[in-house]
Amino acid sequence: MSGCENTHLLHRGSKTVRRRVLRVLFFPISKRGPAQFFAFSTGLSVAFVIAFFTSANSQNYLEGTLSLVAKEKRQKIKERLTLTSQLLQKWFFAQLFDMACVGFLTSVGLWVVGIDQWILYGFLAGVLAIIPFAGLLFVVCFSGAVVLVQQPEKFLPLLLVFFITQQIEGNI
């Protein structure tokens, strides 16, 4: 066999490996079909609608909650609920900032080491940074599986970028 034939067989073998990896990753989705996807997307949409209207009409919910409390305690409860609301808003904006930093740092790091889909993996890392441990684990497993198939020589740099990003996030 010549060198070209070996390259062709190697390329053909990587296609087979790629198909197997993608089949393992996406088999549950393809097996259960559109009904499960529809149920998931509907539930997610309803959650967003409820969250939007709850935040848009928060004053109505505050008044409704206060109507359940004895009149002499309403002012004290209102102050505490208002303080809690302010703290939750600050926490939420801090989480958004953290997610943006993680996404940006991961994207830049992956771009520097030469990963092909750097922007996708950085975006996923940023969005899933809200989920402690599991979000990062999902992104590392997903991106690691794809990079291992497409660019095996970049697998260790990918892990290093995620490690450094998490160290910066956790310690700074």
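Our structure is the block above this text.
Here the structure is a predicted model, which is why all the values come from computation and not from measurement. (Residues numbered from 1 in each chain as written. Predicted model: local features only at pLDDT ≥ 70, side-chain atom pairs only at ≥ 80, totals over all residues. Heavy atoms only, no water.)

Student: Let's hear about the nonpolar core: which residues, and what values?
Tutor: Ranked by size, the top nonpolar core spans 16 residues in total, and within it L110, I115, Y121, V139, L158 and F162 carry the most contacts. Here Y121 is in contact with T106, L110, I115, V139, F142, S143, V146 and V147, once residues within four sequence places are set aside. (Core = buried A, V, L, I, M, F, W, Y, C linked by side-chain atoms within 4.5 Å. Buried < 20%, exposed > 50% of the residue type's maximum accessible area, 1.4 Å probe, protein only. Contact = heavy atoms within 4.5 Å.)

Student: Explain the packing of aromatic side chains to me, using residue names and the numbers behind them.
Tutor: One pass over the full model with this rule turns up four aromatic pairs. Within the aromatic cluster, the residues linked to one another by ring pairs are Y121, F138 and F142. (Phe/Tyr/Trp six-rings, centres within 6.5 Å; stacked < 30°, edge-to-face > 60°.)

Student: Any details on unusual backbone geometry? Residues and values, ideally.
Tutor: For F133, which is not a glycine, the phi torsion comes out positive at approximately 65°. For F133, the position within the fold is in the loop between α5 (118–127) and α6 (134–150). (Helix = DSSP H or I, 4+ residues; strand = E, 2+ residues; numbered from the N terminus.)

Student: For α5, give the residues involved together with the corresponding values.
Tutor: When α5 is considered as a whole, its buried residues turn out to be Y121, G122, L124, A125 and G126. In this fold, the buried residues of α5 make contact with α4 (74–113), α6 and α7 (155–171).

Student: Any details on the layout of surface pockets? Residues and values, ideally.
Tutor: By volume, the largest pocket is sized at about 590 Å³. For the lining of the largest pocket, the secondary structure elements donating two or more residues are α2 (34–56), α3 (58–66) and α4. The element contributing the most residues to the lining of the largest pocket is α4, with eight residues. A per-class count over the lining of the largest pocket returns seven nonpolar, nine polar and no charged. Roughly 250 Å³ of internal volume is contained in the second largest pocket. Forming the walls of the second largest pocket are 15 residues, and the residues nearest its centre are A129, P132, F133, Q166 and E169. (1 Å grid on protein atoms, 1.4 Å probe; cavity = no way out; pocket = protein on both sides within 12 Å on 5 of 7 lines; lining within 4 Å. Points joined across faces, edges and corners; volume = space filled by probe spheres on them. Nonpolar A, V, L, I, M, F, W, Y, C, P; charged D, E, K, R; others polar.)

Student: If you had to explain the environment of I115 to someone new, which residues and values would you point to?
Tutor: Relative to the helices and strands, I115 resides in the loop between α4 and α5. The class for I115 is buried, based on a relative accessible area of 2%. Excluding residues within four positions of it along the chain, I115 makes contact with L110, Y121, V147, Q151, K154 and L158.

Student: So, α7: which residues are in play, and what are the values?
Tutor: Working note: α-helix, 3.6 residues per turn, so residues spaced by three or four point in the same direction. Between its terminal C-alpha atoms α7 stretches 24 Å, which fits the 24 Å expected from 17 residues at 1.5 Å a residue. For α7, the elements touching its buried residues are α4, α5 and α6. (Expected span 1.5 Å × (residues − 1).)

Student: Residue-level account of the packing of α3 against α4, with values.
Tutor: In the contact formed by α3 and α4, the axes pass within 10 Å of each other and the chain directions differ by 145°. For the element pair α3 and α4, the recorded crossing hand is right-handed. For the pair α3 and α4, the contacting residues are L62, T65 and L66 in the first and R74, I77, K78 and L81 in the second. Its residues assigned to classes, the contact of α3 with α4 shows four nonpolar, one polar and two charged. (Axes fitted to C-alpha atoms, helices over the stretch in contact; angles between N-to-C directions. Left-handed = near helix turned anticlockwise from the far one by under 90°.)

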